[in-house]
Amino acid sequence: MKKYVCLILAAILCVGTLTACEKAEIPAESGESGETETDTAETDDKTAVIVGEGADYATLGEALSYVKAEREAGNADLLTIQMKAGTYCVEETLTIDGVMSNLTIEPFGDGEVTLIGGYRVTDWQADTFNGVECLSAPLRDDTILDFFVNGERANMPRFPAGDKMLSMKTTEFPNGDTNDGSIWFVAQNKLPLTTNPERVWVNFSHYWVDEHSPIESYDPDTRTVTMQRRSEKQFSAGQTFYLENVADKFGEPNDWYADGGRVYYVPADESVTPKTIE
């Protein structure tokens, strides 16, 4: 028997945010008895387990927990989690391990289901960061990598701007072995790293590998950059790179930066205000 776990959630609107969404609510449909009616996967030989507010399971995480419990109880039948079309922000960590085999997750009816990991950012206000007029809002923490406004990805401040690249003058060359990798290099030019250098990312491509590492420290006198992660292969003089999440370069339209428990955002245009940001 094929069993259906139907995730019945209203579509969630992702807004103004760092992957920002609000929890969905299930609109009630009242019958003659005044009781709430819910959708089910009607079939001749399948049992429908309702998932949604007011039903057995309210979230995808709860549905997965049900599947795991069924597997641990010895139920090896094909289980299917069905989700109503829409965009869902999943704030919890979801784990599907080896126990949860023979499982299908699919849309309920027509339409597309999109899952986004993140949460909604609210309480926006006019603010200033590094002398730049912008908007800001509180965060749960600063460990974020993507930020979306009006469904579009905002930009980390980049140096140099556009598609330009920087160059390494000298690099660590441990033991003369290319496979050892490098953890520090001297930049050809001075870098704008006076504010939170440890929050800046070094991005480089070499030996057909695209790599990224946060900065451990920066010495402005020698222009030496020490990374938190050793590269896969050794650097060599002339290696190109660029920096992201550079606080000193924050200020271009659609830039964002997280610091001190707040996210700062430069509106892409004048229509984006604390009241209209979505």
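Here the structure is shown first, and the text comes after it.
All values derive from a computational prediction rather than experimental measurement.

(A) Seen up close, the overall build of the protein chain. Helix and strand content of the protein chain: one helix and 19 strands. Scored against the burial criterion, the 278 residues of the protein chain give a buried share of 41%. Residue pairs at least 24 apart in sequence account for 69% of intrachain contacts in the protein chain once pairs closer than 6 positions are excluded. Here the protein chain has roughly 15100 Å² of accessible surface; of this, 45% comes from carbon and sulfur atoms.

(B) Representation of the sheet that holds strand S7 (residues 125-129). The sheet built from four strands is open, its strands ordered S7-S8-S19-S18 with antiparallel pairing. Looking at the sheet topology across the chains shown, the edges are occupied by S7 and strand S18 (256-259). Taking each pair of neighbouring strands and ignoring which way they run, the sheet shows an average axis angle of 40°. Both strand S8 (residues 132-138) and strand S19 (residues 262-265) contribute to a ladder of four bridges, which runs antiparallel. Within S19, the residue paired with Leu-135 across the bridge is Tyr-265.

(C) Representation of the environment of Asn-150. Mapped onto the elements of the fold, Asn-150 is located in the loop between strand S9 (148-149) and strand S10 (152-153). Sequence-wise, Asn-150 and Ile-277 are 127 residues apart; in three dimensions their C-alpha atoms are separated by 7.3 Å.

(D) Representation of the pairing of strand S15 (residues 209-219) within the structure. Where strand S14 (residues 201-206) meets S15, six bridges bridge the pair, whose relative direction is antiparallel. Bridge pairing links Asn-203 to His-212 in S15. Adjacent in sequence and paired antiparallel, S14 and S15 are bridged by two residues, among which Tyr-207 carries a positive phi angle near 50°. Sheet analysis places S15 next to strand S16 (residues 224-227), joined by four bridges and oriented antiparallel. Residue Tyr-218 lies in a different strand from S16, and its bridge partner there is Val-225.

(E) Broad picture of the side chain of Asp-255. Its location among the elements puts Asp-255 in the loop between strand S17 (240-244) and S18. A distance of 2.9 Å separates a polar atom in the side chain of Asp-255 from the backbone nitrogen of Glu-252. Apart from the residues lying within four places of it in its own chain, the contact partners of Asp-255 are Asn-155, Pro-157, Lys-249, Phe-250, Tyr-264, Tyr-265 and Val-266.

(F) Local environment of helix H1 (residues 60-72). Here H1 contains 13 residues, and its C-alpha end-to-end distance of 18 Å stays within 8% of the 18 Å for a straight helix at 1.5 Å per residue. One or two residues past the end of H1 sits Gly-74, with phi positive at roughly 100°.

(G) Broad picture of the pattern of salt bridges. Applying the stated criterion to the full structure yields three salt bridges. A salt bridge links Asp-97 to Lys-68, with the shortest nitrogen-to-oxygen separation between them at 3.2 Å. Of the two residues, Asp-97 sits in the loop between strand S5 (79-90) and strand S6 (103-117) while Lys-68 sits in helix H1, which places them 29 residues apart along the sequence. Given the relative accessible area of 28%, Asp-97 is considered partly exposed. For Lys-68, a relative accessible area of 31% gives the class partly exposed. Note that Arg-199 and Asp-259 form a salt bridge whose closest N and O atoms lie 3.7 Å from each other. Taken as a pair, Arg-199 in the loop between strand S13 (184-187) and S14 and Asp-259 in strand S18 lie far apart in primary sequence, 60 residues in all.

Rules of the game
- Think of each chain on its own: its residues are numbered from 1, step by step along the sequence as written.
- Thresholds applied to this predicted model are a pLDDT of at least 70 for local features of residues and 80 or more for the giving and counting of side-chain atom pairs; totals over whole chains, interfaces and linings are not thresholded and use all residues.
- To get the side-chain values, all heavy atoms of the structure are used, and hydrogens and water are removed first.
- Helix and strand assignments come from DSSP, with helices taken as H or I runs of at least 4 residues and strands as E runs of at least 2, each series counted from the N terminus.
- Residue burial is assigned from relative accessible area. The probe radius is 1.4 Å, only protein chains are included, and a residue is buried under 20% of its type maximum, exposed over 50%, and partly exposed in between.
- Any two residues having at least one pair of non-hydrogen atoms within 4.5 Å are treated as being in contact.
- Note that accessible areas follow from Shrake-Rupley with a 1.4 Å probe, and for residues the cover is restricted to the protein chains shown.
- Two strands are counted as paired when DSSP detects at least two bridges linking them.
- Only the stretch in contact is used when fitting a helix axis, every axis being a line fitted to C-alpha atoms; angles between N-to-C directions are given from 0 to 180 degrees.
- Pairs of N or O atoms are called polar contacts if they sit within 3.5 Å, as long as, within protein, a hydrogen donor faces a hydrogen acceptor (for residues adjacent in sequence, only side-chain-to-side-chain pairs).
- An expected span of 1.5 Å times one less than the residue number is assigned to each helix.
- Definition used for salt bridges: Asp or Glu carboxyl oxygen within 4 Å of a side-chain nitrogen of Lys or Arg.

Purely geometric stuff here, so don't read any function into it on its own.
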